[in-house]
Amino acid sequence: MEIEEEFISGFCRTCNGAQTVCCEYTVEKGKRILSFMDCAHERCVNHASCEIYKEAHEKEQI
């Protein structure tokens, strides 16, 4: 198992400003899965419309 780290920048509606989020991906058997975001997206009321969250999940497929 390998862990890859990426930083994604964008507008955060909760913070009402620019935010850079550290994302960790677990790589196993050639599959990349988002395992951690340091912005507490699990509790965020705006995660459904968050462009940072969307980009982080799009990078799982790379």
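Everything that follows concerns the structure shown earlier in this document.
To start, this report covers the structure provided alongside it. (Residues numbered from 1 in each chain as written. Predicted model: local features only at pLDDT ≥ 70, side-chain atom pairs only at ≥ 80, totals over all residues. Heavy atoms only, no water.)

## A few points about unusual backbone geometry
Moving on, step 1. A positive phi angle, near 55°, is found at Asn16, a position not held by glycine.
Moving on, step 2. With respect to the element layout, Asn16 can be found in the loop between strand S1 (2–12) and strand S2 (17–28).
Moving on, step 3. Among the residues examined, Asn16 registers a relative accessible area of 61% and is labelled exposed.
Moving on, step 4. Positive phi, normally seen in glycine, also occurs at Lys29, with a value near 55°.
Moving on, step 5. Mapped onto the secondary structure, Lys29 falls in the loop between S2 and strand S3 (31–37).
Moving on, step 6. Its relative accessible area of 88% is what places Lys29 among the exposed residues. (Helix = DSSP H or I, 4+ residues; strand = E, 2+ residues; numbered from the N terminus. Buried < 20%, exposed > 50% of the residue type's maximum accessible area, 1.4 Å probe, protein only.)

## Let's talk about the state of the cysteines
Moving on, step 1. Applying the stated rule across the entire model yields zero disulfides.
Moving on, step 2. With no disulfide partner, Cys15 has as its closest neighbouring cysteine sulfur the one in Cys12, 3.6 Å distant.
Moving on, step 3. The partly exposed category is assigned to Cys15, whose relative accessible area is 49%.
Moving on, step 4. There is no disulfide at Cys39, and the cysteine sulfur nearest it, in Cys50, is 6.3 Å away.
Moving on, step 5. For Cys39, a relative accessible area of 31% translates into the label partly exposed. (Disulfide = S-S within 2.5 Å.)

## A short note on the packing of aromatic side chains
Moving on, step 1. Under the defined criterion, the tally for this structure stands at zero aromatic pairs.
Moving on, step 2. Looking at Arg32, its charged tip hangs above the ring of Tyr25, at a distance of 4.1 Å from the centre. (Phe/Tyr/Trp six-rings, centres within 6.5 Å; stacked < 30°, edge-to-face > 60°. Lys NZ or Arg CZ within 6 Å of the ring centre and 35° of its normal.)

## Focus on the nonpolar core
What tends to happen in soluble globular proteins is that the nonpolar side chains get buried as a cluster.
Moving on, step 1. By size, the foremost hydrophobic cluster in this structure holds nine residues: Ile8, Val21, Cys23, Tyr25, Leu34, Met37, Cys50, Ile52 and Ala56.
Moving on, step 2. Looking at this core, the elements with two or more residues in it are S2, S3 and helix H1 (51–58).
Moving on, step 3. Ignoring sequence-local partners within four residues, the contact set of Met37 consists of Val21, Cys22, Cys23, Ile52, Tyr53 and Ala56. (Core = buried A, V, L, I, M, F, W, Y, C linked by side-chain atoms within 4.5 Å. Contact = heavy atoms within 4.5 Å.)

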